[in-house]
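Given next are the chains, with one letter for each unit.
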Amino acid sequence: MNISCTAVLQAFGLAHGLAIDPEASMLEFEFQGLSVIVGPHPVHADRLIAEVDVIEFDDEPDAGQLSLLLRINEAARFEHEWSIVLDGERRVALYTTAPAALVTIAALEQLITDGIDRALALQSVLDATQDADRKSTRLNSSHANISYA
């Protein structure tokens, strides 16, 4: 990652009152319960990567939830550059990349704001699916205790 991109990340952090480590090349902070990380792409030195954590499933996501994530990714793949990922720890995140050389403070703010907005929207959908699953499980459990004579 080039020095100017690191300077932009640090300038953005300072402008928003974040604690900045002058030696760090990553910008990390929390906003409305979401963890945001922006920094150099691990493979492509000319790009940066932005990631916003969305939700962590309590249990393994069921087939319906996984299918929903895939359908959302597929529906949005030509609309914007953000993708949904699910890691081995059942954590759902959104990520995108951008050319490091073109990043300004204004462009970085737009990128982060866009990611946060998308993450909050996805979080509300996933929270609703988890709530529906919990209600369904409780209803099924209560019916299982009913005996018919």
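Presented here is an overview of the structure given in this document. (Residues numbered from 1 in each chain as written. Predicted model: local features only at pLDDT ≥ 70, side-chain atom pairs only at ≥ 80, totals over all residues. Heavy atoms only, no water.)

1. Some details on the pairing of strand β5 (residues 91–99)
- The pairing of strand β3 (residues 47–56) with β5 spans 9 bridges and is classified as antiparallel. Bridging across to β5, Ala50 finds its partner in Thr96.
- As consecutive antiparallel partners, strand β4 (residues 83–86) and β5 are separated by 4 residues, and within that stretch Arg90 has a phi angle of approximately 65°, a positive value. (Pairing = 2+ DSSP bridges. Helix = DSSP H or I, 4+ residues; strand = E, 2+ residues; numbered from the N terminus.)

2. Focus on the sheet that holds β4
- With antiparallel pairing, the 5 strands of this open sheet are ordered in space as β1-β2-β3-β5-β4. The sheet terminates laterally at β1 (27–31) and β4, the two strands that pair on one side only. Averaged over neighbouring strand pairs, the angle between their axes works out to 25° when direction is ignored.
- The sheet contact formed by strand β2 (residues 34–40) and β3 spans 5 bridges and is antiparallel. Within β3, the position partnered with Val38 by the bridge is Ala50. (Axes fitted to C-alpha atoms, helices over the stretch in contact; angles between N-to-C directions.)

3. As for unusual backbone geometry
- Notably, Gln32 is not glycine yet its phi reads approximately 50°, a positive angle.
- Relative to the assigned elements, Gln32 resides in the loop between β1 and β2.
- The phi dihedral of Arg90 is positive, around 65°, even though this residue is not glycine.
- Considering the arrangement of structural elements, one finds Arg90 in the loop between β4 and β5.
- Taking the relative accessible area as the measure of exposure, Arg90 reaches 26% and is therefore partly exposed. (Buried < 20%, exposed > 50% of the residue type's maximum accessible area, 1.4 Å probe, protein only.)

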